[in-house]
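# Architecture at a glance
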Amino acid sequence: MLGLKVRKTPHHLQRNASMSNSRASDEPCLYEIRVKGCLDPEWSAWFDGFTISSCSDGGSLLVGPVSDQAALHGLLAKIRDLGLTLLLVKRVQSEDSP
Amino acid sequence: MRRLVTQTFEHPHILATKLYIPPRRPAGEIVPRPRLCRRLDGGMDGDLTLVSAPAGFGKTTLLSEWIADARASSRFAVKVAWVSLDRRDNDLTRFWIYVVSAIQTVYPGVGETALATLYRPAHQQLPIETMLIGLINEIAEADAKPFVLVLDDYHLIGDRQVNDATAFLVENTPPGMHVVLAGRADPPWPLARLRARRQMTELRAKDLRFTPEEAAAFLNDVMDLDLSAAEITVLDSQTEGWIAGLQMAALSMQGREDVTGFIEGFSASHRFILDYLVEEVLERRPPGTRDFLFKTSVLERLAAPLCDAITGRDDSASVLMDLERANLFLIPLDDERCWYRYHHLFGDLLRSRLGQRQPEQIATLHCRASEWFEQNGLLAEAMSHASAACDTDRQVRLIANNVLSMAYLGELTILVPWLNVLPVGAGREQPWFHISHAWVLAFAGRLEDVEPHLQDAEKSLHALRHGENVEPEGESDQIAGHITAIRGYVAGLRGDWPKALEFARTALTLLPEKDAMARGWTTLLLAVVLRAQGDLIAADQAFSEAVVISKMSGHIPLAVDVLWEQSVQQFIMGQLHAAFDTCQEVLQLASEYVERGGRRLPPTGYTHIGISTVLYEWNDLDAALTHAEEAVRLCKRWGMADAIVRSHLQLAMILQANGDANGALSSLQKARQAAETMLSPMYQNAVSTVNAQLHLIQGNVLAVSRWADEQGLSADDEFGFQQIAAYTVFARLLIAQGERQNTASLHKALKVLDRLQELSAPAGTVGNLIGILVLKAIALHAQGKEAAAVKTLGDALFHAEPEGYIRTFIDEGAPMGALLRKVSASGIVPDYAGRLLALMASDTALGPEAPALSQKPSVEEDGALVEPLTEREMEVLRFLTTSLSTTEIAGELVVAPSTVRSHIKSIYGKLGVHRRMEAVMRAEELGLF
């Protein structure tokens, strides 16, 4: 039971200290996403609090803040996973700009 | 009782349901799609088929139909391995463990090396490509082809390393192997290149949509509706042939009177189809079923007892059966209808509805699921639900309850990520968080990092004791017990026996009875340390206790380890029969464990060493050799350095006894290489001692006296129990020198032997004592003190007879023969002595006249090789000058290690050498480079 091997390379048991190194592209942004079909506003919670409104052309507009690019891709995956047809993704503005 | 824990052999954390090939639904419950099956058939000519379409297009259904169809019609004898991927597979190790396990369902035995590598801690793993090359070569060599590997839901893999590795596999598929990727998104590879090379077949949404004819067949035949052609056209165009949409529409129409009205309403709606339909579908279910669907939607996979536990119902089995019968997106995950999952799309819909309607329920449901999985021993899922419930205390508790047993099995790669995602300062479970960390670090050999975590644990233990919360009965003692046990382990690993002993004893006073795993483990530690210190009587008692507790703990791997260590103890105490029986019990327990679905246990490797040692002593050299070779094979497979050392040492001794001096030295060399990677110097010392012993047997007295000088051995040393082996060899050296008329040397030998006897006799090490008495008799014989020699040998025989010792005596050769005859004549144990003499007479390999291993010269007098080396052998020969191992050479040459080994063997044969260095030197002499 005492026959352990030497561990020469340390492995990463310790969590990394959180680092503050944010750039403009990491800032939260407001995004507008358009999909085909009228989505019930009830889906808002599923889409991380995005507000959902129906358009006259039979599509839906989802608007809300996205914390970074990874979050945006997570959201797009949710749209994909529901089999929704994606029509448009647009960055509206940086959230903290006027 | 159906088996809920559907896990494959060997790897308890593999979920068999992920490797299950979804069966085709019975005829009449499915729309056959021969046109798509033909296209999939055609794709087999290339390397890759990509089935890429959004959710609900029938990708998985199509593939299961294709496989079932190919098998039924025997269009081609296809072998299929299937992996249903999930998000957690975004981990290189986990992903490949599943893929290799899937491949093993088709080709048992293929990928053993890959799996052994994957189960090692991350930093000890080979580059993934090396592992893949080996795997690809093994598949290439496998017989039955074609072979199809299906990776379903590949869109869930976002990890770059996993993607790169899969791309590597696809680009290097051996002939006859084909990969099918199915998912909602294309993999991030340069697909254009594969398309241009016509190596890839694609089925996309436009191919998978139901044609109007298929829609008609589905709605009217499968779903039993009676719709007109016009109505079908409306539904088909409204859903655009989307199968999930059509299925939801059909479910909404079943049993409805006003079908025409429904279709009109549906076609006039602009709402997202699923929004429109899910309400309809759910509205048509009884409230109880609706509630069941919502609540069970938090589960990634469903089984009736699990559903009962989280919904509070007792009829989940029949609900599940109804849902499956009603086509309600429930997919079976095994043939026994034990596990199911919802179609991912439907599951998402249910979860979103649950989130809208009863958000407060979600955490509770996950918690109940976590409890159920824990009770059923499915820890990974218990953890995942605890994490979904954001219940950090529960997560910490789950880890703490299992950390020792998992770390013990080497499952650090599973534990480390669990610990890393937990927030620091995890509430009242904080001490356990630190303790878990400390266990993992100790088992990972990172001794210097352990103590800070133990101090953190002590701080939070202090806070717990003086906090407002009432602590559960005995909890702080248990925590303190773990802290102390870990300190004992670290001290033991550092070779600080007195400290290790003290900690282990204290820990045992603290650990409660119910913590049988920790108690069993600590008792084993205590026993091992006592044995190392030479207190064999106390160690013996501790081993007996450890056996009882470990069996009580129900942790078979621990019990197996305890028994194996006990067998070593019995061997030292000279109880050969008991040691042999204990080893057999270990093998028995371990194989029962595997039969019950457990992993193969490393101690079986050690156990073969033990059996080999006993068989050697009993002079059954053939069987001893077989067990030693099996030990080497098993220990290498698990990469256990300590066991590799011990098994090679054992093999060396047997090869020497068989007269294969070169084989013995080469085995010793391998032991030395393994020992150099070890933390404790004790292994390197063991190797150098056996090395000296071999030299002595081979008559190289000079080398041994150099060794003794280097070790600083002197007859006046007050050495301890730890050095018994080394000083026994030293005594042999002195006798060998004494036999060359150096009487002072004999005197010294006897002095060393007296000290050895002093250490062994009271400690109860009869095993050692017999050997020491034998040497003493030989030394006295050499001094001409015949009476004393005969008496001493008589003592040895007296101790040895009940256990049937043989080799300890007959290995001594001619002087022993002379002495035995005298003992026999004097009437002391005459039968036994007579038997030994008869054995010596029949064994030609014994004694100083034993012929050296004859080497047939392979080199002609003019220096040319009788049989020249092939080109491949020349390539391998050049690698032999480097420091690369056989496996590494195999990696460089992109062939299996066994191939390289056979080349090396052939090179040695042609050069007439037995070792790598000799081969290089001989090749240089011959100017082969």
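Residues numbered from 1 in each chain as written. Chains lettered and ligands numbered in written order. Predicted model: local features only at pLDDT ≥ 70, side-chain atom pairs only at ≥ 80, totals over all residues. Heavy atoms only, no water.

## Digging into the overall build of chain A
What counts here: Here a helix means four or more residues in a row that DSSP labels H or I, a strand means two or more in a row labelled E, and each is numbered from the N terminus. Whether a residue is buried, partly exposed or exposed follows from its accessible area with a 1.4 Å probe, protein chains only, as a fraction of its type maximum: under 20%, in between, or over 50%, in that order. Throughout, a residue-residue contact means that at least one pair of heavy atoms, one from each residue, lies within 4.5 Å. Note on areas: Shrake-Rupley with a 1.4 Å probe; residue coverage comes only from the protein chains shown.
For chain A, the count of helices and strands is one helix and four strands. Written out in order from the N terminus, the α and β elements of chain A read β-β-β-α-β. With 98 residues in all, chain A has 37% of them scored as buried. Put simply, of all contacts in chain A between residues at least 6 apart along the chain, 64% involve residues at least 24 apart. Of the accessible surface of chain A, which amounts to about 5,600 Å², a share of 54% is contributed by carbon and sulfur atoms.

## Looking at the overall build of chain B
When helices and strands are tallied, chain B shows 46 helices and eight strands. In chain B, which comprises 929 residues, the share counted as buried stands at 56%. Taking the contacts inside chain B whose residues are at least 6 apart along the sequence as the reference set, 67% of them involve residues at least 24 apart. Carbon together with sulfur atoms contributes 52% to the accessible area of chain B, which is approximately 38,300 Å² in total.

## As for the pattern of salt bridges
All names here are of chain B. The condition is simple: The term salt bridge refers to a side-chain nitrogen of Lys or Arg lying within 4 Å of a carboxyl oxygen of Asp or Glu.
Applying the stated criterion across every chain, the model contains 52 salt bridges over all chains. Between R446 and D449 there is a salt bridge, with the nearest N and O atoms lying 2.3 Å from each other. We note a salt bridge from E585 to K551, for which the minimum N-O separation is 2.9 Å. Of this pair, E585 sits in helix α29 (residues 576-595) while K551 sits in helix α27 (residues 536-553), placing them 34 residues apart in sequence.

## A look at the confidence of the model for chain B
All names here are of chain B. Defined as follows: One number per residue, pLDDT, summarises how confident the predictor is, and it ranges from 0 to 100.
On average, residues of chain B carry a pLDDT of 85, and 92% of them reach 70 or more. Mean pLDDT values over the elements of chain B span from 74, in helix α46 (residues 916-925), up to 96, in helix α25 (residues 497-510). Predicted confidence is poor over residues 1-12, with pLDDT under 50, and the contacts of this stretch with residues over four places away or in other chains come to 41 contacts.

## Quick word on the pairing of strand β2 (residues 51-54) of chain A
Residue and element names in this part refer to chain A. To be explicit about the condition: Two strands form a pair only when DSSP identifies at least two bridges running between them.
Direction of pairing for β2 relative to strand β3 (residues 59-66): antiparallel, over a ladder of four bridges. Note on β3: the bridge partner recorded for S54 is S60. Once β2 ends, the chain turns through four residues before running back antiparallel as β3, passing G58 with a positive phi of about 90°.

## So, the nonpolar core
The line we're drawing: Take the buried Ala, Val, Leu, Ile, Met, Phe, Trp, Tyr and Cys residues and link them wherever side-chain atoms come within 4.5 Å; each set so joined is a nonpolar core.
Counting 281 residues, the largest nonpolar core has F47 of chain A together with L793, L797 and F809 of chain B as its most contacted members. Looking at this core element by element, the count peaks at eleven residues for helix α26 (residues 516-533) of chain B. Excluding residues within four positions of it along the chain, L797 of chain B makes contact with F809, L820, V823, V829, Y832, A833 and L836 of chain B. Residues A81, L151, A165 and A167 of chain B belong to the second largest nonpolar core, which totals 47 residues.

## Let's talk about the sheet that holds strand β6 (residues 302-303) of chain B
All names here are of chain B. Just so we agree on the cut-off: A fitted line through C-alpha atoms represents every axis, and for helices the fit uses only the stretch in contact; the resulting angles, taken between N-to-C directions, go from 0 to 180 degrees.
Read across the sheet, three strands follow the order β6-β8-β7 without closing on themselves; strand pairing throughout is antiparallel. Every interior strand has two partners, whereas the edge strands, β6 and β7 (330-332), have only one. In terms of strand pairing, β6 meets strand β8 (residues 339-342) through two bridges, oriented antiparallel. Considered in β8, the bridge of L302 is made with Y340. On the sheet, helix α16 (residues 316-325) packs against β6, β7 and β8 and is oriented at approximately 105° with respect to β7.

## With respect to the side chain of D40 of chain A
With respect to the helices and strands, the residue D40 of chain A is situated in the loop between β1 (29-36) and β2. Ignoring any residue separated from it by four or fewer positions in sequence, one finds D40 of chain A in contact with I52 of chain A together with R271, D275 and R353 of chain B.

## Re the sheet that holds strand β5 (residues 200-204) of chain B
Residue and element names in this part refer to chain B. Spatially, five strands are ordered β2-β3-β4-β1-β5 in an open sheet, and the strand pairing comes out parallel. What marks the edges here is a single partner per strand, and that holds for β2 (79-84) and β5. Here the strands of the sheet are splayed against their neighbours by 15° on average, with no regard to which way each runs. Direction of pairing for strand β1 (residues 48-52) relative to strand β4 (residues 177-183): parallel, over a ladder of five bridges. Within β4, the residue paired with S52 across the bridge is G183. Contacting β1, β4 and β5, helix α1 (residues 34-43) runs over the sheet at an angle of about 160° to β5.

## Looking at the environment of L837 of chain B
Residues and elements named next belong to chain B. Relative to the elements of secondary structure, L837 occurs in helix α42 (residues 830-842). On the basis of relative accessibility, which here comes to 17%, the residue L837 falls in the buried class. Considering only alpha carbons, one finds L837 and L820, 17 residues apart in sequence, at a separation of 6.9 Å. In contact with L837, not counting residues within four places along its chain, are G817, L820 and R821.

## A few points about α42 of chain B
Note that an α-helix has 3.6 residues per turn; residues three or four places apart therefore point the same way. All names here are of chain B. Under the convention used in this document: Given the number of residues in a helix, its expected span is that number minus one, multiplied by 1.5 Å. As used here, the arc is the angular range of directions from the helix axis to the C-beta atoms.
The terminal C-alpha atoms of α42 lie 18 Å apart, and with 13 residues this matches the ideal 18 Å at 1.5 Å per residue to within 8%. Where α42 is concerned, the buried positions are Y832, A833, L836, L837 and M840. Considered in projection along α42, the buried side chains sweep an arc of 135° and stay on one side of the axis. Residues of α42 that are exposed and angled more than 90 degrees away from the buried face: D831, A841 and S842. Taken together, the buried residues of α42 touch α39 (786-800), α40 (807-810) and α41 (814-825).

## A closer look at the packing of aromatic side chains
Residue and element names in this part refer to chain B. Counted only if it meets this: Each pair of aromatic rings taken from Phe, Tyr and Trp, with Trp reduced to its six-membered ring, is defined by centres within 6.5 Å and is described as stacked if the planes are under 30 degrees apart, edge-to-face if over 60, and tilted in the remaining cases.
Per the counting criterion, the structure on display carries 25 aromatic pairs over all chains. With a centroid separation of 4.9 Å and 20° between ring planes, the pair formed by F329 and F346 is classed as stacked. Of the two residues, F329 is situated in the loop between α16 and β7 and F346 in helix α17 (residues 344-357); the sequence distance between them amounts to 17 residues. On the basis of relative accessible area, F329 is assigned to the buried category, the value being 7%.

## Quick look at the pairing of β3 of chain A
Residues and elements named next belong to chain A. Of all eight residues making up β3, six are buried, and the element is well covered by its neighbours. Where β1 and β3 come together, eight bridges link them in antiparallel fashion. Bridge pairing in β3 places V35 opposite S60.

## Describing the packing of helix α14 (residues 287-296) of chain B against helix α15 (residues 304-311) of chain B
Residue and element names in this part refer to chain B. Here is the rule we go by: Roughly parallel means an angle under 35 degrees; roughly antiparallel means over 145; roughly perpendicular covers 65 to 115; every other angle is labelled oblique. Amino acid classes used here: Ala, Val, Leu, Ile, Met, Phe, Trp, Tyr, Cys and Pro are nonpolar; Asp, Glu, Lys and Arg are charged; the rest, including Gly, are polar.
The N-to-C vectors of α14 and α15 enclose an angle of 100°; their axes lie 10 Å apart at closest approach. What the angle tells us is that α14 and α15 run roughly perpendicular. Here α14 contributes F292, K295 and T296 to the contact with α15, which in turn contributes C307, I310 and T311. Across the contact of α14 with α15, the residue classes break down as three nonpolar, two polar and one charged.

## Topic: helix α44 (residues 886-893) of chain B
All names here are of chain B. Here α44 has its buried residues at I889, A890 and L893. Burial along α44 is one-sided: seen end-on, the buried residues are contained in an arc of 105°. Trailing α44 by a residue or two, V894 shows a phi angle of about 55°, which is positive.

## Quick word on the environment of R71 of chain B
Residues and elements named next belong to chain B. Among the secondary structure elements, R71 is positioned in helix α2 (residues 59-73). The exposure class assigned to R71 is partly exposed, which follows from its relative accessible area of 45%. Dropping the residues within four chain positions of it, R71 is found in contact with I21, V78 and V80.

## Comments concerning unusual backbone geometry
Not every positive phi belongs to a glycine, and D48 of chain A is a case in point at roughly 50°. Inspection of the secondary structure puts D48 of chain A in the loop between β1 and β2. The backbone phi angle of D153 of chain B is positive, close to 60°, even though this residue is not glycine. Structurally, D153 of chain B can be placed in the loop between β3 (147-152) and α6 (160-171).

## Description of the packing of α26 of chain B against α27 of chain B
All names here are of chain B. Which entries qualify depends on this criterion: We call a crossing left-handed when the near helix sits turned anticlockwise from the far one by less than a right angle, and right-handed when that turn is clockwise.
Axis separation between α26 and α27 bottoms out at 8 Å; the angle between their running directions is 160°. Taken together, the axes of α26 and α27 lie roughly antiparallel to each other. α26 and α27 meet at a crossing whose hand is left-handed. On α27, the residues that touch A516, M517, R519, G520, T523, L524, L526, A527, V528, L530 and R531 of α26 are L536, A538, A539, A542, F543, E545, A546, I549 and S553. Its residues assigned to classes, the contact of α26 with α27 shows 14 nonpolar, three polar and three charged.

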